[in-house]
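Okay, here's what each chain looks like letter by letter:
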Amino acid sequence: MPQFSLMEIIEKVDELKGYFSSSLRDAGDIDRLRELESEVLSKKGSIASLNKQLGSMDQDLRQAAGAVINDARAQMRADYEATLARLLAAARERELEAEKLDLSEIVSGSDFHAGRFHLISKTRSELEDIFIGMGFAVEEGPEAETDWHNFEALNIPPYHPARAGQDSFYLKYGEPESMLLRTHTSPVQIRVMTRQEPPIYAVMPGRVYRRDTADARHTPVFHQIEGLVVDKGITFANLAGAIETFTKAIFGPNIVSRLRPGYFPFTEPSAEFEVTCAICEGAGCRTCSNTGWIELGGCGMVDPNVFGAVGIDPEVWTGFAFGFGIDRLAQMRYAISDMRVFLDNDVRFLRQF
Ligand code: DAH
């Protein structure tokens, strides 16, 4: 192996540094840069082979030459990293520039109208937000429901008069009268209680169907939101508090609510939940049948028979439930005298919200 002098090593290192820095400068892309790194700085590169020469040198010369090589390597490595960073940044910039999407659109002319949510959808999501803020989860269930979920499990047996009050659309599916379009969102309570153990804090919005003739306050398809709380030590006071909190949040100060004794098979005791008629501000009108009040829905303490149907121990758990019409609520909130406009799809109406 040839013997190198310190001078020769220094010369070779200088030569290599000169070559490396001019190649760095000329390297137009990252591939070329990486090639250069491998050629000079890698384990099989020029620096490594210079290092090999050290073995044949005298002890003191070897140390001096080793320091020269190390310094040069550190310097070249730093230059390489800086160049690589610069090229990567430039490449990224080009990439972003190439992928840039222009999302602005100039729309001119007067016949342009942005789409929007239907008032009912808007009201439903506002209600969800309010209840989420109160600590409730949002749950859903099917619109085609079994008789068991819609009636039986809710303590409404086949002969019960409450079935007559909710004239149902039955489906031709399975046994006669075993499947129907749900008449209320209460069956979702049953679904939530059968799939989840208490404690339960949930609201369940959705579409419901009744064989009603459309009038100012009724449409055969409408929307309800159901609420269910099951926990230890829940009382009627908790129910009244929840209703009060939600009414204030959705209606603001001008509309007041009241609970009146009522009857529902699935709650005991039960109450009807009414608000001031916003159309006449309580004076009495066609919409509220001259009572000054509009019934939004019902509520009460979950009947032990309902807990029995879903296997929840009523000695351990108590709960309250409520259910009310989203359409009715929107109607009162915006003082809409006739609910049928929700289904007309008249943009002059829809555009106002
Ligand atoms: N499901 C009833 C209806 O559609 C409303 C209702 C009343 C729901 C009392 C409830 C409740 O959860 O506790 O008329």
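No experiment lies behind these values; they were computed from the predicted model shown. (Residues numbered from 1 in each chain as written. Predicted model: local features only at pLDDT ≥ 70, side-chain atom pairs only at ≥ 80, totals over all residues. Heavy atoms only, no water.)

### Some thoughts on the overall build of the protein chain
Counting its secondary structure elements, the protein chain contains 13 helices and 9 strands. Against the globule reference of 20 Å for 353 residues, the protein chain gives a C-alpha radius of gyration of 38 Å, more extended than a compact globule. If one aligns the C-alpha atoms of the protein chain with their principal axes, the spans along those axes are about 110 × 65 × 45 Å. Burial statistics for the protein chain: of 353 residues in total, 42% are counted as buried. Long-range contacts, defined here as pairs at least 24 residues apart, represent 66% of the contacts in the protein chain between residues at least 6 apart. Accessible area for the protein chain stands at about 19,300 Å²; split by element, carbon and sulfur atoms hold 51% of it. Each charge sign in the protein chain was given a centre, from 37 positive and 52 negative side chains, and these centres are 2 Å apart. (Helix = DSSP H or I, 4+ residues; strand = E, 2+ residues; numbered from the N terminus. Rg over C-alpha atoms; globule rule 2.2 N^0.38 Å. Buried < 20%, exposed > 50% of the residue type's maximum accessible area, 1.4 Å probe, protein only. Contact = heavy atoms within 4.5 Å. Areas by Shrake-Rupley, 256 points an atom, 1.4 Å probe, with all protein chains shown as cover. Lys, Arg positive; Asp, Glu negative; His and termini not counted. Charge placed at Lys NZ, Arg CZ, Asp CG, Glu CD.)

### Quick notes on the packing of helix H9 (residues 236–251) against helix H11 (residues 326–333)
Contact geometry of H9 with H11 gives a least axis separation of 11 Å together with a crossing angle of 50°. Compared by their axis directions, H9 and H11 come out oblique. In this structure, H9 uses Phe246, Ile250 and Phe251 to contact H11, whose residues at the interface are Leu329, Met332 and Arg333. Residue classes in the contact of H9 with H11 are distributed as 5 nonpolar, no polar and 1 charged. (Axes fitted to C-alpha atoms, helices over the stretch in contact; angles between N-to-C directions. Parallel < 35°, antiparallel > 145°, perpendicular 65-115°, else oblique. Nonpolar A, V, L, I, M, F, W, Y, C, P; charged D, E, K, R; others polar.)

### Comments concerning the layout of surface pockets
Which parts of space are left empty comes out when a probe the size of a water molecule is rolled across the atoms. Space inside the largest pocket adds up to approximately 870 Å³. What lines the largest pocket is a set of 42 residues, and nearest its centre among them are Arg210, Gln224, Phe264, Glu295 and Gly297. If you list the elements that add at least two residues to the lining of the largest pocket, you get helix H7 (162–165), helix H8 (186–195), strand E5 (221–231), strand E6 (257–264), strand E7 (267–276), strand E8 (293–302), strand E9 (318–325) and H11. The element best represented in the lining of the largest pocket is E8, accounting for 7 residues. Classifying every residue of the lining of the largest pocket by side-chain character gives 17 nonpolar, 15 polar and 10 charged. Of the pockets and cavities examined, the second largest pocket occupies roughly 220 Å³. Of all the secondary structure elements, the ones that give two or more residues to the lining of the second largest pocket are helix H5 (119–133) and strand E4 (200–209). For the lining of the second largest pocket, the leading source of residues is H5, giving 4 residues. Among the residues making up the lining of the second largest pocket, the classes are represented as 2 nonpolar, 5 polar and 5 charged. (1 Å grid on protein atoms, 1.4 Å probe; cavity = no way out; pocket = protein on both sides within 12 Å on 5 of 7 lines; lining within 4 Å. Points joined across faces, edges and corners; volume = space filled by probe spheres on them.)

### Observations concerning the site of the ligand
Near the ligand, the surroundings consist of 16 residues, among which His184, Ser186, Arg210, Gln224 and Glu226 are the closest. Residue Gln189 places a side-chain N or O atom 3.0 Å away from an oxygen atom belonging to the ligand. Between Glu226 and the ligand, the recorded distance is 2.6 Å, taken from a side-chain N or O atom to an oxygen atom. Protein contacts shield 93% of the accessible area of the ligand, which totals 360 Å² for the unbound molecule. Among the elements of the structure, H8, E5, E8 and E9 are those that each provide at least two residues to the shell around the ligand. Looking at the shell around the ligand residue by residue, the class counts come to 5 nonpolar, 9 polar and 2 charged. (Near = heavy atom within 4 Å. Polar contact = N/O pair within 3.5 Å; in protein donor to acceptor, adjacent residues only side chain to side chain.)

### Focus on the domain arrangement of the protein chain
Domain annotation for the protein chain reports domain 1 (6–99) and domain 2 (119–350). Distance between the C-alpha centres of domain 1 and domain 2: 76 Å. (Domains from an automatic or database assignment.)

### Here we look at helix H2 (residues 30–40)
Of the positions making up H2, those classed as buried are Ile30, Leu33, Leu36, Glu37 and Val40. Here the buried residues of H2 occupy an arc of 115° about the axis, which is enough to place them on one side. Elements in contact with the buried residues of H2: helix H1 (6–26), helix H3 (46–53) and helix H4 (59–99). Of the residues that open H2, the one with a side-chain oxygen 3.1 Å from the backbone nitrogen of Asp31 is Asp29. (Arc of directions from axis to C-beta.)

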